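Chain residues, written in single-letter form:
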Amino acid sequence: DKIVVQVKESAQIGPTVEILKKMMVRRHAGVDDVEIKVPELLLKQEQRTKDIFNIVLGAIASISLLVGGIGIMNIMLASVMERIKEIGIRQAIGARKRDIILQFLMEATLLSISGGLIGIILGLALSKIIMGLTGILTIVSALSIFISFGVSASVGIIFGYMPSQRAAKQDPVESLRHE
């Protein structure tokens, strides 16, 4: 008196209900004496849980990016302070502010891209490990890899800009005197 049907994807519930309804009416000689119940409340709760999970993951990722960006900025500021004499020499032999900004921006971007590549490799490896150990399907798309790589490069550019500006604004004479 009861049949339980389960579908793999929530999007297939509607078409499945229609097909089952037609099959049962045909099987019962045209008499519509079957009731099909869909646990909509559970489905809506599942969707809300997924949405909350995505928001929490997004917040954690944003905080991680901010902390990583601040770390890159600190490293680059320390690099500028250590290399004041080098910056002064470059300016004295004709390097423009743009050249110095570009040098430090490239260093910051390279730093963040290398961190991003390490993160991508660890993410792919962790995905494989989770699938192997738990059997939970993890999906890593090429688009997500490209986006994460782009975000990584952007963090380097954004957080490396201020230290590169500070390096370019150094006075060449004062930089050469610096010990």
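Colleague: I keep staring at unusual backbone geometry and nothing clicks. Help me out?
Modeller: A negative phi angle is the norm for most residues apart from glycine, just as the trans form is the norm for most peptide bonds. Positive phi, close to 60°, is recorded for Ala 29, a residue that is not glycine. For Ala 29, the location among the structural elements is in the loop between α1 (13-27) and α2 (40-82).

Colleague: Would you explain the packing of helix α3 (residues 84-92) against helix α4 (residues 97-134) in this entry?
Modeller: Two quantities define a packed helix pair, namely the angle between the helix axes and the distance between the axes. The contact between α3 and α4 brings their axes to 10 Å, and the two run at 140°. The orientation of α3 relative to α4 falls into the category oblique. Here α3 runs over α4; the crossing is right-handed. In this structure, α3 contributes Glu 86, Ile 87, Arg 90 and Gln 91 to the contact, and α4 contributes Asp 99, Ile 100, Gln 103 and Phe 104. Split into classes, the residues belonging to the contact of α3 with α4 amount to three nonpolar, two polar and three charged.

What counts, and where the lines are drawn
Residues numbered from 1 in each chain as written. Predicted model: local features only at pLDDT ≥ 70, side-chain atom pairs only at ≥ 80, totals over all residues. Heavy atoms only, no water. Helix = DSSP H or I, 4+ residues; strand = E, 2+ residues; numbered from the N terminus. Axes fitted to C-alpha atoms, helices over the stretch in contact; angles between N-to-C directions. Parallel < 35°, antiparallel > 145°, perpendicular 65-115°, else oblique. Left-handed = near helix turned anticlockwise from the far one by under 90°. Contact = heavy atoms within 4.5 Å. Nonpolar A, V, L, I, M, F, W, Y, C, P; charged D, E, K, R; others polar.

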